[in-house]
Amino acid sequence: MTFVQVDAWLRLAALAPSPLNTQPWRFRVTPSHIELWSDPARGLPVADPAGRERTIACGCALLNLRAAGAASGCDEAVELLPDPASPGLLARVRLTEGPPDAGLAALAPAIERRRSTRRALEHTPLPGGLLDALAAEAAAEGAGLLPVDGRAAREALAELIADADRRLHHDPAWRREQARWIHPGRTADGLPASRLGGRALRFLLGHFDFGGTSAGRDEVFVLHAPAVVLLATPGDEPLDWLRVGQALERVLLRAALQDIHAGYLQGPLQLPDLRERLAAAFTPGRMPQVCLRLGRPVDPPDPRRRRPVAEFAEFVPA
């Protein structure tokens, strides 16, 4: 591994999605391997007290790192949760010259194309066969991808999401936490202030309950999206979260190759009772981890906001 290679890989790794664009990862680079650490200082203790969504985001970054290495012609050796005494150490990756994983290498060109959206999607159906391809990508990392099809199923899911929106927005601590990641004065992380109304929206979100508005919007999103899918895992431990994060990024990259992008519908997954109802109705025998709507965004994406490598990576000399 050369410094130039590693710097390029880490820049691509950091293009992974994360809740509110918190970018909750750190990397430690040694002469022999790269370590991925969770950064609890960039967590969301109200919305994500167990760090589940933070770990999923780190799993997305790990998959990007693996894909970038494969595209450079490197073989990989990945240890997940390698040290029980250090729970924040999520993975240890060794990338060496050798036959790369062709499937991962094929996804690498989509890393810079992949975007998330909080706005409407076109009603155009997804390309034929894409959902099957996405399910295969998820399965490659040990997760299941389950489409939510049919009017009745969509309406049931929309009801859970609307319920979550109303309850979460009613919680002042949750609203304040969300508002803290609207950064009028920063452009490297958080949500873009220019498109969201800047300081005014930050104040309004932190002080007023917009649960009804959010619920109505998300109901429309669920009912009219070209596809809505759930990602689920057999268990619900940090290892499951890390694996489903990698599955999620594989799904997002495969979709992005065909200009299909995702909006997140995570509200019911942040409330234990609604998550149990979601599991019973849609993923029996497995735990739901991520809920996505998929399609082509109507509006162009916001400018990408990412921290420079020097802010989240430590290089340890030999």
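Per chain, residues are indexed from 1 in the order of the written sequence. Under the rules for a predicted model, residues below a pLDDT of 70 receive no local features and side-chain atom pairs below 80 are neither given nor counted, while totals for whole chains, interfaces and linings still include all residues. Remark: hydrogens and water are excluded; side-chain values derive from all non-hydrogen atoms of the structure.

With an unreviewed UniProt entry as reference, the protein chain is termed Nitroreductase, source organism Tepidiforma bonchosmolovskayae.

(A) Summary view of the overall build of the protein chain. Along the protein chain, the regular secondary structure elements total twelve helices and eleven strands. Dimensions of the protein chain, computed from C-alpha atoms along their principal axes, come out at roughly 55 × 45 × 40 Å. Each residue's exposure class comes from its accessible area (1.4 Å probe, protein chains only) as a fraction of the maximum for that residue type: buried when under 20%, exposed when over 50%, partly exposed otherwise. For the protein chain, the residues scored as buried account for 52% of the 318 residues in total. Contacts in the protein chain between residues at least 24 apart in sequence constitute 79% of all its contacts with a sequence separation of at least 6. Only the protein chains shown count as cover for residues, and all accessible areas are computed by the Shrake-Rupley method using a 1.4 Å probe. Carbon and sulfur atoms form 56% of the exposed surface of the protein chain, whose accessible area is close to 13,500 Å². Taking the 38 positively charged and 38 negatively charged side chains of the protein chain as two groups, their mean positions are separated by 5 Å. A run of DSSP states H or I qualifies as a helix once it reaches four residues; a run of E qualifies as a strand once it reaches two. Both are numbered from the N-terminal end. The contact criterion used is simple: two residues touch if any of their non-hydrogen atoms lie within 4.5 Å. His residues and chain termini do not enter the charge count, which takes Lys and Arg as positive and Asp and Glu as negative. Note that the charge is assigned to NZ on lysines, CZ on arginines, CG on aspartates and CD on glutamates.

(B) Just the pairing of strand 2 (residues 34-38), in detail. Extensive coverage of strand 2 is indicated by the burial of four of its five residues. Two strands pair under a simple rule: DSSP has to find at least two bridges between them. Between strand 1 (residues 25-29) and strand 2, which pair antiparallel one after the other, the connecting turn spans four residues. With four bridges connecting them, strand 2 and strand 4 (residues 89-97) associate as antiparallel partners. What sits directly across from Leu36, in strand 4, is Ala91.

(C) Just the side chain of Glu249, in detail. Along the chain, the position of Glu249 falls in helix 10 (residues 238-256). Accessibility expressed as a relative area gives 0% for Glu249, which makes it buried. Ignoring sequence-local partners within four residues, the contact set of Glu249 consists of Ala16, Pro17, Cys60, Leu63, Asn64 and Arg114.

(D) Layout of unusual backbone geometry. Of note, Leu20 is a non-glycine position whose phi angle comes to about 55°, a positive value. Mapped onto the elements of the fold, Leu20 is located in the loop between helix 1 (3-13) and strand 1. In this model, Asp259 sits at a positive phi of 60°, which is unusual for a non-glycine residue. With respect to the helices and strands, the residue Asp259 is situated in the loop between helix 10 and strand 9 (261-264). Residue classification places Asp259 among the partly exposed positions, given a relative accessible area of 42%.

(E) Fine view of the packing of helix 5 (residues 151-169) against helix 11 (residues 272-282). The axes used here are C-alpha line fits, helices contributing only the stretch in contact, and every angle between their N-to-C directions lies in the interval 0 to 180 degrees. Closest axis-to-axis distance for the helix 5/helix 11 pair is 11 Å, and the angle between their directions is 175°. Considering the angle they form, helix 5 stands roughly antiparallel to helix 11. Contacts between helix 5 and helix 11 involve Ala153, Ala156, Leu157, Leu160, Asp163, Ala164 and Arg167 from the former and Asp273, Leu274, Arg277, Leu278 and Phe282 from the latter. Under the scheme applied, nonpolar residues are Ala, Val, Leu, Ile, Met, Phe, Trp, Tyr, Cys and Pro; charged residues are Asp, Glu, Lys and Arg; polar residues are all the others, including Gly. Looking at the contact of helix 5 with helix 11 residue by residue, the class counts come to eight nonpolar, no polar and four charged. Each angle receives one of four descriptions, namely roughly parallel if under 35 degrees, roughly antiparallel if over 145, roughly perpendicular if within 65 to 115, and oblique otherwise.

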